[in-house]
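Geometric and topological summary
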Amino acid sequence: MTGSLLLTSAVLLVLCGPAVAEHRFERVSDDAFDIYVDDVLLISHTKDSPFILVGNSDYAYVSEFGNFRITDILQEKIHLDQYNVTELPDRTQLEFNACNLQVSVEIFDRNELTYVNVTSVPTEINRLWFRLTSTGSDEHVYGGGEQFSYFDLNGRNFPLWLQEQGVGRNKSYEITFLADQDTPDSGGDYYSTYWVQPTFVSSRKYFAHFTSTRNGQLDFRNELFHEIEIWGGPDATVFPGMLILGTGETFPEISTKLSGLLGRQPLLPDWLYNGVILGVQGGTDLMLQYLEQAQNEGIPVAGLWIQDWAGRITTSFGRRLFWNWEWDPEQYPGLDTEIIRLKEEENVRLFAYMNPNLNREGNLYIEAHENDYLIKNTTGDTYLVDYGEFFCGIVDLTSPEAFTWYKGKIRTNLIDFGFDGWMADFGEYLPPDAVFFNGVSGEELHNLWPVLWAEANREAVEDAGRLGDIVFWMRAGFTGSQNASVITWAGDQLVDFSTADGLASIIPATLSLGMSGYGLNHFDIGGYTSLYGVVRTEELLLRYADFAAFTPMMRSHEGNRPSENWQYYSSVYSMKMLGRATEIYILLKNYTRGVLEEVTTLGYPAQRPLFYHYEDDPRSYDDSMKYQYLLGKDLLVAPVYLPSSETNDRWSVYLPPDDWVYLWDGTDHIGGGEVVTIDAPLGVTPVFYRKDSPHAQFFRDVAANAPPIPRSPVPTAEPPTTPGSAVSASMDLALSAVIAFCLMLV
């Protein structure tokens, strides 16, 4: 009932929008013209600022551990300021000229969208720029894939090359400096991300999307125009691709059109709302002990994620996962029977880990190598990539045989074995100088690679008839991931309260993905990266848990250094608090399910920026609003992302113009349009619901049935940091097992 209520008004909204796009060419002078799409001025060509520019650049790539140093020296940038136009009944043809160079373009409307197709470009150029009109600083621009630092892109430039997001992601942070010292550029910057996408949405109610997969840039630094740069060259099979434009009366309508173009995610399964998915490791016995401990401390558990199911290897960094994606019976004895028993008797599912790389010491690598299923280097040999004291080959997903073989391994080794999902990791490391079966260059395939990886996982699930039941999650993505993957996760956040790479960064990342046409995201509860003395605290872990209750999926991670970081099992209090957050997540199920139906049927993101439903409120567009979101239309969520030492457990929230009710005590805030400050101790995420929501009684019931906040223990001078060191009310894990577990590194 809740889901159908959510969908009713949304469907009516979409049906009211225009069904057919219409572009209009208007000649301004012999040197200038304007093009409108559905009466929105998008292209304004003048002699000084033409629509299209061409040029050349010398560039080179150097990569290490998923970080890329790109040198780019621009040689020339030529304004194609002269034009000729031919207006036909079904399209507009344009030719742009300058310096004996010509670019031909045709513009046509198809269904709800307008297409700008570049039909010819000079062979001697390797760079092309498009310019769309800008109204300056009063315009807001969103999207570009997954952007962790800035939600409003206006005023900045964003490279279109996916990579590791970096450590710290802020050149003014000491930890970013230290990471860059160890491995150049590994600290990242404001624009580094696992998911780039040549797509943006303007506050002027239109979206622009480019079909190119190559490197480039979204540049919003000019007051007069937005400039989109696409790289090409003699090896480009598609250059520069096609520009697709769409408009809408509302942001939901724009989302529906954009997702209709790019694809939508399937509905997540009901069982996901049985509880949290706990990330644990260490073998069958330890896995079961952690499950029993969690259940006895009141944590509803939907599943256990055991990323070390395929075994471990030893390096100087510690113990690492063995990238040979099949069950290791020595690491997990009896797992083949336990995976069945847990699901049938305890309703607990198991989850695995996999990526598209194969350790050359494993039998899967040997099989792939013998069958010529791995990407090559320029000498024709298998391309071996160093992942930190072990070398891997990468499955060539452009080869139909290799693709079929690898998705068969997913089917046999994961699905048929009994796993109900897995982390489908990586996708960003593809070397641009690699050689592929289909003859396309590594540079052109680099951004597209996570889409091919997602398709392999998706097809394996579909072949098993399990779409909508199995959940696999990915961090890397690009155009096409919308239609191939099931849900994403935000990657490897730093285990601190920093805004550029900590808990806070997840919120703009999720919102920017949503505006890019991808509606489902979640994160590692507690964060992941612990380096240079930065370790996870209990407070941080619990703030993550409080936040996760108001997202589509709850899943914990021990991080890259479990023994040094606080875990949910490090104290009874932490387990009680995680259990409470999970109970709230379960209580919200019926509302959340309705929100997810909108993702699947209408293309709306589950987590939405304030302006999405309050487009007439100027303040809702402010970049400071990037740390709040709407879950569906009726819940406003403002996660606490700073430590109590800075907040004194008080938190300020902006309420857009509407009548709001504070979820936890029922206090009315009539009218909105103001900032309110409330108490926000651990266990409390500031959440408000619309007073006129059809789900108001449901929200009141959620608040009434939420468990009380567990009593905080008396603080100790040195809180325990050893996993499993908490004395549980029900059990105390064997010390020897804990010590062995502490030695493990992801």
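About the thresholds
- Residues numbered from 1 in each chain as written.
- Predicted model: local features only at pLDDT ≥ 70, side-chain atom pairs only at ≥ 80, totals over all residues.
- Heavy atoms only, no water.
- Pairing = 2+ DSSP bridges.
- Helix = DSSP H or I, 4+ residues; strand = E, 2+ residues; numbered from the N terminus.
- Axes fitted to C-alpha atoms, helices over the stretch in contact; angles between N-to-C directions.
- pLDDT = per-residue confidence, 0-100.
- Contact = heavy atoms within 4.5 Å.
- Phe/Tyr/Trp six-rings, centres within 6.5 Å; stacked < 30°, edge-to-face > 60°.
- Buried < 20%, exposed > 50% of the residue type's maximum accessible area, 1.4 Å probe, protein only.
- Core = buried A, V, L, I, M, F, W, Y, C linked by side-chain atoms within 4.5 Å.
- Arc of directions from axis to C-beta.

**Quick notes on the sheet that holds strand 15 (residues 216–219)**
Spatial strand order, 5-4-10-16-15-12: six strands in an open sheet with antiparallel pairing. The sheet is open, and its two edges are formed by strand 5 (67–79) and strand 12 (157–159), each paired on a single side. Averaged over all pairs of adjacent strands, the angle between their axes in this sheet comes to 25°, without regard to strand direction. As paired strands, strand 15 and strand 16 (residues 225–231) are joined by four bridges and run antiparallel to one another. In the sheet register, Asp219 faces strand 16, and the bridge partner there is Glu227.

**Description of the confidence of the model for the protein**
Residues at a pLDDT of 70 or more form 93% of the protein, whose mean pLDDT is 92. Note on residues 1–18: pLDDT under 50 across the span, and 34 contacts to partners over four residues away in sequence or across chains. Low pLDDT (under 50) marks residues 716–746, which in the prediction has 85 contacts with non-local residues, meaning those over four places away or in another chain.

**Re the pairing of strand 4 (residues 52–64)**
Bridge count between strand 4 and strand 10 (residues 127–133): four bridges; the pairing is antiparallel. From the neighbouring strand, Leu53 faces strand 10, where its bridge partner is Trp129. Examined bridge by bridge, strand 4 and strand 5 share 12 bridges and lie antiparallel to one another. Its bridge partner being in strand 5, Tyr61 is matched across the sheet by Ile70.

**A few points about the packing of aromatic side chains**
Centre distance and the angle of the planes are the two values used to describe a pair of aromatic rings. Within this structure, the stated rule accounts for 61 aromatic pairs. A centroid spacing of 4.6 Å and a plane angle of 45° characterise the contact between Tyr627 and Tyr641, whose relative ring orientation is tilted. Highlighted residues: Tyr627 in the loop between strand 32 (607–608) and strand 33 (629–631) and Tyr641 in the loop between strand 34 (635–637) and helix 15 (644–647), separated in sequence by 14 residues. The exposure class of Tyr641 is buried, given its relative accessible area of 15%.

**Quick notes on unusual backbone geometry**
Cis peptide bonds are those with omega within 30 degrees of zero, and the linkage from Phe239 to Pro240 qualifies with 0°. The residue Pro240 is located in the loop between strand 16 and strand 17 (242–247) in this model. Despite not being glycine, Asn100 has its phi angle at roughly 65°, a positive value. Structurally, Asn100 is set in the loop between strand 7 (91–98) and strand 8 (101–110).

**Notes on the environment of Ile470**
By secondary structure assignment, the location of Ile470 is in the loop between helix 9 (449–463) and strand 27 (471–474). Ile470 sits in the buried class, given a relative accessible area of 1%. C-alpha separation for the pair Ile470 and Thr135, spaced 335 residues apart in sequence, amounts to 45 Å. Those residues in contact with Ile470 that sit more than four places away from it in its chain are Ile415, Phe419, Asp420, Gly421, Trp422, Val461 and Val486.

**Topic: the nonpolar core**
Among the nonpolar cores identified, the biggest contains 182 residues, and Trp325, Leu358, Phe419, Trp422 and Tyr568 are the most heavily contacted of them. Phe419 has contacts with Ile306, Trp309, Leu335, Ile339, Leu350, Phe351, Ala352, Asn413, Leu414 and Ile470, leaving out every residue within four places of it along the chain. Formed by 46 residues, the second largest nonpolar core is a distinct cluster that contains Leu128, Val141, Leu218 and Leu243.

**Some remarks on the pairing of strand 27**
Side-chain direction in a regular strand flips from residue to residue, so the side chains alternate between the two faces of the sheet. Side-chain alternation along strand 27 places Val471 and Trp473 on one buried face and Phe472 and Met474 on a second face that is also buried. In terms of strand pairing, strand 27 meets strand 28 (residues 487–489) through two bridges, oriented parallel. The partner of Trp473 across the bridge, within strand 28, is Ile487.

**What to know about helix 16 (residues 696–705)**
Where helix 16 is concerned, the buried positions are Ala696, Phe698, Phe699 and Val702. Down the axis of helix 16, the sector holding all buried residues measures 160°, keeping them to one side. Looking at helix 16, the residues exposed on the side facing more than 90 degrees away from the buried face are Ala704 and Asn705. Of the surrounding elements, those touching the buried residues of helix 16 are helix 13 (572–587), helix 14 (589–602), strand 34 and strand 39 (687–690).

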